[in-house]
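# Understanding the architecture of this molecule
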Amino acid sequence: MLRQWMAGLTFALSVMLSAAFSVAPMVAPAQEANAPGSEAEAPATAPATDKPRPGTLEDILRRQQGLKLDPERLLRRPAPPAPIPLPPQLGTLGRQSDADLWRALKSGAYARPSSDTASGKLMQTAGEEWRRLRREVILKYAPWLPAGVLGLLVLFYLIRGRIRIRGGRSGRTIPRFSMSHRIAHWFLASVFILMAISGLMILIGRPVLLPLLGHEVHSVLLSAALQGHNLFGPVFILALLIAIVRFMRGNFFQWADVKWILRGGGMLGVHAPAHHYNFGEKTWYWIVVFVGLGMAATGLLLEFPWLVETLLYHQLATILHALGAVVMIAVALGHIYIGSIGMEGALDSMLKGEVDENWAREHHDLWYEQVTGKKAVHGGGGDDTPPPAAAAEQT
Amino acid sequence: MSETADTVIRTMLDQTDGDIAAYLEACVHCGECAEACHFYLATQDPKYTPTYKLMPLVKAYKRHKAPLRSVKGMLGLLPAEVSEEELREWESLVYDSCTMCGRCTLVCPMGLDIAGTIRKMREGYSAAGIVPDGLRTARENVVKTGSPMGVTAKALKAQIARQEKETGLEIPLDKQGAEYLALFSSMEVMGYPEVIGAYARIFARAGIDWTISTEAYEATNIGVQIGDGPLARKLVARIVDAARKLGVRHVISPECGHAYGAIRWAGPNMLGETFPFEVIHIIELLDRLRAEGRLEIGEKDARRITLHDPCQIVRRGGLLKEPRRLLDDACADFVEMKGSGVTNLCCGGGGGVSANPRAEELKTQAFSCKKAQLDAIDGLKAVVVPCANCRGVFEDGLDALGGDYEVIGLSELVADTLKD
Amino acid sequence: MGLVEFIEGPAFWFALAVFVAGALWRFVGIIRIGHKPDLAPPKGSAGWGWIRGNLRHFFPRGLFAERTWMHVLGGYAFHLGLFAVMFFAAPHVDFIRERLIGVGWPALPRWGFIIAAEIAFAGLIVLWVRRFSDPVMRLISDWDDHVGSWLTFLVMLTGCLALERAHVSLRALHMGLVELWLIYFPFSRLMHAFTFMLSRGATGASYGRKGMTL
Ligand code: SF4
Ligand code: SF4
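Residues numbered from 1 in each chain as written. Chains lettered and ligands numbered in written order. Predicted model: local features only at pLDDT ≥ 70, side-chain atom pairs only at ≥ 80, totals over all residues. Heavy atoms only, no water.

## Side note on the site of ligand 1
Residue and element names in this part refer to chain B. Close to ligand 1 lie Cys 37, His 38, Phe 39, Pro 50, Lys 53, Cys 98, Thr 99, Met 100, Cys 101, Gly 102, Cys 104 and Ala 115, which account for all nearby residues. Among the elements of the structure, helix 3 (38–43) and helix 4 (50–53) are those that each provide at least two residues to the shell around ligand 1. The residue makeup of the shell around ligand 1, split by class, is 8 nonpolar, 3 polar and 1 charged. (Near = heavy atom within 4 Å. Helix = DSSP H or I, 4+ residues; strand = E, 2+ residues; numbered from the N terminus. Nonpolar A, V, L, I, M, F, W, Y, C, P; charged D, E, K, R; others polar.)

## Some words on the pattern of salt bridges
In this structure the tally under the stated criterion is 45 salt bridges over all chains. Residue Arg 172 of chain A is joined to Glu 357 of chain A by a salt bridge in which the shortest nitrogen-to-oxygen separation is 3.0 Å. A residue pair is termed long-range when its members are at least 10 positions apart, and Arg 172 of chain A in the loop between helix 7 (144–160) and strand 1 (173–175) and Glu 357 of chain A in helix 13 (residues 357–363) qualify at 185 residues. Overall, the relative accessible area of 7% leaves Glu 357 of chain A in the buried class. Taking the shortest distance from any N to any O, the salt bridge between Lys 43 of chain C and Glu 284 of chain B comes out at 2.9 Å. Of this pair, Lys 43 of chain C sits in the loop between helix 2 (10–33) and helix 3 (46–56) while Glu 284 of chain B sits in helix 17 (residues 282–291), placing the two residues on different chains. (Salt bridge = Lys/Arg side-chain N within 4 Å of Asp/Glu carboxyl O. Buried < 20%, exposed > 50% of the residue type's maximum accessible area, 1.4 Å probe, protein only.)

## Quick look at the nonpolar core
In terms of nonpolar packing, the biggest core is built from 66 residues, with Phe 187, Val 191, Phe 232 and Phe 247 of chain A together with Phe 121 of chain C touching the most fellow members. Looking at which element gives the most residues to this core, the answer is helix 8 (residues 179–247) of chain A, with 22 residues. Those residues within four positions of Val 191 of chain A in sequence are excluded, and the remaining contacts are Phe 232, Val 235 and Phe 236 of chain A together with Ile 125 of chain C. With 65 residues, the next largest nonpolar core counts Cys 30, Val 58, Tyr 95 and Ala 138 of chain B among its residues. (Core = buried A, V, L, I, M, F, W, Y, C linked by side-chain atoms within 4.5 Å. Contact = heavy atoms within 4.5 Å.)

## Topic: the packing of helix 9 (residues 255–262) of chain A against helix 10 (residues 279–303) of chain A
Residue and element names in this part refer to chain A. One way to put it is that helix 9 packs onto helix 10 with a least axis distance of 9 Å and a crossing angle of 110°. In terms of axis orientation, helix 9 runs roughly perpendicular to helix 10. Along its contact with helix 9, which presents Asp 257, Trp 260 and Ile 261, the element helix 10 presents Phe 279, Gly 280 and Lys 282. Of the residues that constitute the contact of helix 9 with helix 10, the class distribution is 3 nonpolar, 1 polar and 2 charged. (Axes fitted to C-alpha atoms, helices over the stretch in contact; angles between N-to-C directions. Parallel < 35°, antiparallel > 145°, perpendicular 65-115°, else oblique.)

## Let's talk about the domain arrangement of chain B
All names here are of chain B. One can read the domain layout of chain B as domain 1 (3–130), domain 2 (134–289) and domain 3 (295–416). For domain 1 versus domain 2, the separation of C-alpha centres amounts to 32 Å. Across the boundary between the two partners, domain 1 contributes 8 residues, which contact 10 residues of domain 2. Summing the contributions of domain 1 and of domain 2, the shared interface buries around 680 Å²; its carbon and sulfur component is 44%. Here domain 1 is connected to domain 2 by 0 salt bridges. At the junction of domain 1 with domain 2, the criterion picks out 4 residue pairs in polar contact (both at pLDDT 80 or more). With 4 residues, helix 9 (residues 114–127) is the largest single contributor of residues to the side of domain 1 that touches domain 2. (Domains from an automatic or database assignment. Buried area = accessible area lost by both parts, 1.4 Å probe. Polar contact = N/O pair within 3.5 Å; in protein donor to acceptor, adjacent residues only side chain to side chain.)

## What about the confidence of the model for chain C?
Residues and elements named next belong to chain C. Summary statistics for chain C give a mean pLDDT of 89 and a share of 97% for residues scoring 70 or more. For chain C, per-element mean pLDDT is lowest for helix 4 (residues 62–65), which scores 66, and highest for helix 2, which scores 94. Across the assembled chains, the prediction reports ipTM 0.92 with pTM 0.78. (pLDDT = per-residue confidence, 0-100.)

## A short note on the packing of aromatic side chains
Considering all chains together, one arrives at 34 aromatic pairs over all chains under this definition. Among the aromatic residues, those joined into a cluster by ring pairs are Trp 186 and Phe 232 of chain A together with Phe 121, Trp 128, Phe 132, Trp 150 and Phe 153 of chain C. Residue placement shows Arg 391 of chain B over the ring face of Tyr 192 of chain B; its charged tip is 3.8 Å from the ring centre. A cation sits over an aromatic face here: Arg 200 of chain C above Phe 58 of chain C, 4.3 Å from the ring centre. (Phe/Tyr/Trp six-rings, centres within 6.5 Å; stacked < 30°, edge-to-face > 60°. Lys NZ or Arg CZ within 6 Å of the ring centre and 35° of its normal.)

## Overview of the interface of chain C and chain B
On the side of chain B, 65 residues touch chain C, which itself brings 51 residues to the contact. Taken together, the connections running from chain C to chain B amount to 2 salt bridges. The residue Arg 26 of chain C makes a salt bridge to Glu 25 of chain B at a minimum N-O spacing of 2.5 Å. The interface formed by chain C and chain B contains 22 residue pairs in polar contact (both at pLDDT 80 or more). Contributions of two or more residues to the side of chain C that touches chain B are made by helix 2, helix 4, helix 5 (69–88), helix 7 (110–133), helix 8 (135–140), helix 9 (143–161) and helix 11 (192–209) of chain C. With 10 residues, the single largest contributor to the side of chain C that touches chain B is helix 11 of chain C. Residue composition of the side of chain C that touches chain B, grouped by class: 25 nonpolar, 12 polar and 14 charged.

## Some points on the domain arrangement of chain C
Residues and elements named next belong to chain C. Each domain of chain C was delimited in the assignment, giving domain 1 (64–141) and domain 2 (144–209). Distance between the C-alpha centres of domain 1 and domain 2: 10 Å. The partner domain 2 presents 16 residues to the 21 residues of domain 1 that form the contact. The junction of domain 1 with domain 2 conceals about 1500 Å² of combined surface from both sides, 74% of it contributed by carbon and sulfur atoms. Ranking the residues of domain 1 by area buried against domain 2 places Phe 121, Leu 124 and Trp 128 at the top, with a combined share of 33%. Our count for the domain 1 to domain 2 interface comes out at 1 salt bridge.

## Observations concerning the packing of helix 1 (residues 3–15) of chain B against helix 9 of chain B
All names here are of chain B. Closest axis-to-axis distance for the helix 1/helix 9 pair is 7 Å, and the angle between their directions is 145°. Judged by the sense of rotation from one axis to the other, the crossing of helix 1 with helix 9 is right-handed. Contact residues: helix 1 offers Thr 7, Val 8, Thr 11, Met 12 and Gln 15, while helix 9 offers Lys 120, Met 121, Glu 123, Gly 124, Tyr 125 and Ala 127. Looking at side-chain class alone, the contact of helix 1 with helix 9 contains 5 nonpolar, 4 polar and 2 charged residues. (Left-handed = near helix turned anticlockwise from the far one by under 90°.)

Here it is in structure tokens:
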């Protein structure tokens, strides 16, 4: 039953994740949106002027080369925004303070540039906003997610201990994962661990490792972590794609999953049905797919910054990459726990490719019935019910 | 160390020459070979991984013969001495689960000749008397009667007389100065005597001057299968002596894989001389006659027929195209099995396995792989099996697993399709 | 002499000496066991067979590769990647030219190195995963297999971590592991990098004599 509880936790985490993901994209643009006059907003706030304009540097160069200008492009270019008047300049009598001037600039006051090749904005604050978001929000709070999950797992283990196979092992096994499944899984798992460790070092090395190790060691370690992270990134994407393809079958949500949720993953004392994968496992799979692909995309952008020119995207990528990472690490911790020390018989499936019949009946009854052709009889929840092995054998 | 273990290890290591040493050194434990071995394929039991069958020899070699062993010894890195229990535990792997088919060699990235190495291990086991009962009985028969099935010269003569009557041809016995001396395997003499008749018909047509010796008619060499060097030498010597006495120029090895290897390739090395005659496999001879136009084929066999390549003939004997050329002439509807030719799958009973009752069940299991290949051919009617031993295994296997295919020898097929 | 100088100086020469002497000793030792001349009249050439056997076993046979393609791919990826990285990484070429033999050859560009290294890592991980998750592999593997894999992995990993060439200590770490690897090499299964010739050759020669063109 507690196994289902664990799977429920997985689910909860997945919800948190999707929440994080729907919020995250809003956070960063919000910074940008607050600063009036960012390029995207300019046309809305400032009416376009139809006065002829001198061209950009590029236009000038094209003209010099005797090439024809592209009138389309010239028209499309946003007109310079109407200048926001600056507060009166600092006079000899000191009517205005410097602080006021800077504040105005920061909040987006425009200068009157001599040409409109520059966008007219004197101070670009997105970088600072990003830095503050990263330092004061992400770095401060995000690492607590995996740490918290780890704590919960320890607590859970101490309270509940290992989930045993009810009725013990039957000694008979059913094949569950083929060799290629196992290779795909462990390939991804080993690269994931490397990526997670090096990534965490990059993310929280400064607050956590630096005080412990001192500048010299820390800088060496981080240089190594960065190289390793960059190097294994593409391998991770390869492993991810292989695993996505390999495990897609059987991971689409089914009717039984609704029942599984309605029965609280088995927490309510009733048996929760599951096919080859239960709802928790399927959720984990789709987290791997979507967050994993998100990590891949943002990671590629960070590793090959020339792919996109817009600064905003890069800032967004670092934020999303960090958020996705902590979420994935947190959920993976749960996955590792339940797949190894947390539950008897679970590791067999990935190590040997085979699982015990009793394990299969208990945790994946529908799948068990499908492969063995036997009926799965459930003990009804109490640990003292006789092992269902005998009943199953008679059928 | 017990004396038995000592004998096994010493003999095995004596047999380990530079080639075997290279094999033992080079294995990278990649496990590819498992996928080639019919015993593993049929059972999926990892212990049938070919390289695993060599473990005791590997350990002994590392401890007693490998270069740099002294340095490793100083660091305490040598494997422990191989114990007698361990050797006995491996006995069934060495004797029951290797037909010495050599298929694993093909897939091995290092090209290890597992079959040849198993043979060396059997030398050790046999020297210490650790031999499966079935093979021991066969050996006793050989020592007594000269044939593993106890076929005496009298029995042979009776079978020959019957074949003479059936074919109406004279079969020359002990003919001095004949050009060819034909050998048979006990299995053929007792189980498929029509082979003798087939020889008579083909040779009569091709005008070949041949004979059968009453002193040396048995071609199979149990000594080689068990790994009993002295016995193997004795059996080869018997043939060589008879051939010398009769003054033949060619000795024909029968449709039997191991026999061919034993006389053709191992024989001269056992006796330490190059023979004064040519050893030729019956398939080679038939192919030669075919090329010379001395085998005129009349009506072809119209059934859908496939060919089983006996490992010792095609893979370890090098006769790949010969049987196919003969079959193309003799059959109208010849089809290949999947993976035929050098990568063919063993029948499961070679290398003394079929003479070893303990291995019966495993052998049948292994044959199921072969049978699956037969079943995959649509409308198959018959399978040509140019090896008396394989033929027996096929018949047993088809009996046990069900399967309605006729099993025929190549010489009989050729004899049957000769122009009248 | 500091630790770094020691690792990059005397320790390296010592390791190299052990490697060369050990590997030679073992290789020659195997050949010197020798074998008796074969008296059976040959049907073909043993010499050609030796060469053919060596070449033939570089390529898998389709029939079997069907079943183990993942492993076969992993094997190729690792070995080819490692070969490229070992002999064509720019720092390695420099090292060989400046400290070993005095001549160099064109090195891989940085992106080439990265691709080769990625391929090698992917392959090695696949091989290693197979080693512990396949029942056959678990049965036949011993500690030598695992030590060899890990040592090679660490050598490759530290090499990549030192790629920036900004920290002497990272380079020294890589060097130190390389030295361990070199010393371990002649005593271990890593020797297959040389012994493969002998075993393939032995089989090839015997097949060649029998007139087989496999
Ligand atoms: S020689 Fe044949 S039977 Fe023996 S281990 Fe190799 S594949 Fe198996
Ligand atoms: S295929 Fe060859 S190298 Fe690989 S484990 Fe088998 S014998 Fe050893």
